[in-house]
Amino acid sequence: MHIAIIGAGAAAVGLLDALAVGEAEGAEVTVFEPGTNPWRGRPYGPDLDSVLVNAPPAIMSIRGSDSGHYAAWLGPERAAAHLDELLGQPLLPRARYGEYLTETAEAALARLRARGWRTRVVASRVTAVGRAGGGARLEVRTADGHEHLADQVVVCVGVGTPQDHYGLGGAPGFVADPYPLADTLDGVPGEAGVAVIGSGLTAVDVVVSLAARGHTGRIALVSRSGMLPAVWQRPLGHQRRHLTVERVEALLRERGAVTIDDLAGLLRAELEEAGEDFAGFTEELLSAGSEPPVERLRRQLAAVGDPGIARRVLQEAAHIVGPFAWRLLPEADRERLRGHARLATGVASPMVPVNAAALLRLFESGQLSVVAGVRKIEAVQGGFRVRADSGDLGVDVAVNAVNAPPQAVPGAAEPLVTALLAEGLAALHPAGGLVPADPRLHVLGDLAGGGSFITSSIPGLAARAARLAGALTG
């Protein structure tokens, strides 16, 4: 059997590692990746040290069967060198996490070769996949004109390209894609007024990195909602007993369906068993849209060590239980959740406390502000004008920190997706993403059709990679 993996980011690493810890022998795997930094993907390439991994080690293992794999790679020396005093956990620069992914992939390939697998990494972009030999096998075609036969093809092309919502592309001073910040921020004068478009984790990275480089100009986070991500709390080691994949599976067997009220009931049971108030927690969650963002930031930063489990349970379950449960929910329930997408994303993907503290200092000094209710941003002579409900704001530089929509097709993968659709090997899901129409084609990662609006996380990727590895070799 020959497995072709298209793309060499975190999803591909998780799949290779899962294949390597399995028992199948004597197969063949080819990975196609045209980039110069394989195994890292867009998020974990070389960048500034201020661009940190946005989660504690316990949920950053790329091995789905071993949540301690990343922590073991860190070891005591790395962990001590990168300890975040506020979180009580080591937080590496994302480029260093890319080293973990690289070493894991290389070790996986070595283990596979030791078990008799043939492995190759082809440094060329895949432009099409079609049927070959009367349909008996699949044919992977690359930009350099070569054709490669495969029995199973896994598409791991990562997240979509950031959107230019305000049509600013090509305007002097506009940064369309901020990463790597080591390159893009070089062009931002230290005294320039900067509008960071968005207020999520990417926007936090931009602001913290500007500050780390000694930027003195004023910075504004400009968005429609003005809502900042939540703040991570120190891990407590709580083991979920109710809000788990196993309990969701049991509900499905018992009732034949799973609803959002069922999931809320599992969360309620989890909190009540710990003596916590479910109604009070949900009320606090829903207040995020009306609470002033700096006050909420200050309050959550002060609660980093709070012993309550509620937010911790919800954050962990969103990434581990969420991808499985999402596909079971009726469309009406999914639409209800989409109505709270900005809140849910901010809670499920919080910022680390060290970044929250940096933001708070900038807010309190007056250098940083939040501008909500943005209606339009336009290029003007010498800069940009932000039009918002509170009035107009003029800046010199605009940095696009808006993430791509979930399940969006990356620009570089558009020829491949077009070919898959034309060959009838895949179809577009009505809610976004790609759905295989041939059992030999698989999609792993954010592009998988019908997935949640919460972008694929490392634990979610690792869990799905482990299941897919079992299906490919079972």
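The rules behind the values
The numbering scheme is per chain: residues are counted from 1 as the chain's sequence reads. Local features in a predicted model are, by the rule used here, given only for residues with pLDDT of at least 70; side-chain atom pairs are given and counted only at 80 or more, and totals for whole chains, interfaces and linings are based on all residues. The side-chain figures draw on all heavy atoms in the structure; neither hydrogens nor water molecules are used. Stacked, tilted and edge-to-face are the three classes applied to pairs of Phe, Tyr and Trp rings, where Trp contributes its six-membered ring and a pair requires centres within 6.5 Å; stacked means planes under 30 degrees apart, edge-to-face means over 60, and tilted covers the rest. What counts as a helix is a DSSP run of H or I of at least four residues, what counts as a strand is a run of E of at least two, and both are numbered from the N terminus. Buried, partly exposed and exposed residues are distinguished by accessible area as a fraction of the type maximum, computed with a 1.4 Å probe on protein chains only: under 20%, between the cut-offs, and over 50%, respectively. Here, any two strands with at least 2 DSSP bridges between them count as paired. Lines are fitted to the C-alpha atoms to define the axes, a helix being fitted only along its stretch in contact, and any angle between axes, read from their N-to-C directions, falls within 0 to 180 degrees. In what follows, residue pairs with any heavy atoms lying within 4.5 Å of each other are defined as contacts.

Enquirer: Explain the packing of aromatic side chains residue by residue, including any values.
Expert: Enumeration over the complete set of coordinates arrives at seven aromatic pairs. With a centroid separation of 4.8 Å and an interplanar angle of 55 degrees, the aromatic rings of Tyr 44 and Tyr 97 are classed as tilted. Of this pair, Tyr 44 sits in the loop between β2 (28-32) and α2 (69-81) while Tyr 97 sits in helix α3 (residues 94-114), and the two are 53 residues apart along the sequence. Relative accessible area serves as the criterion here: at 11%, Tyr 44 is assigned to the buried category. A relative accessible area of 0% means that Tyr 97 is categorised as buried. Relative to Trp 73, the ring of Tyr 70 has its centre 6.1 Å away and its plane inclined at 15 degrees; by these criteria the two rings are stacked.

Enquirer: Describe the sheet that holds strand β9 (residues 152-155), listing the residues and the values that go with them.
Expert: Strands in a sheet are paired, the pairing made by backbone hydrogen bonds, and the direction either parallel or antiparallel. Read from one edge to the other, the open sheet built from five strands follows the order β5-β2-β1-β9-β20, with strand pairing classed as parallel. Pairing within the sheet leaves two strands with one partner each, and these edge strands are β5 (118-122) and β20 (441-443). Averaged over neighbouring strand pairs, the angle between their axes works out to 15 degrees when direction is ignored. Along the sheet, helix α1 (residues 10-21) makes contact with β1 (2-6), β2 and β9, crossing β1 at roughly 155 degrees.

Enquirer: With reference to specific residues and values, describe the sheet that holds strand β8 (residues 147-150).
Expert: Spatially, three strands are ordered β6-β7-β8 in an open sheet, and the strand pairing comes out antiparallel. Strands with a single pairing partner mark the edges of an open sheet, and in this sheet they are β6 (126-132) and β8. The sheet shows a mean angle of 25 degrees between the axes of neighbouring strands, taken without regard to direction.

Worth remembering: the numbers are spatial, not functional.
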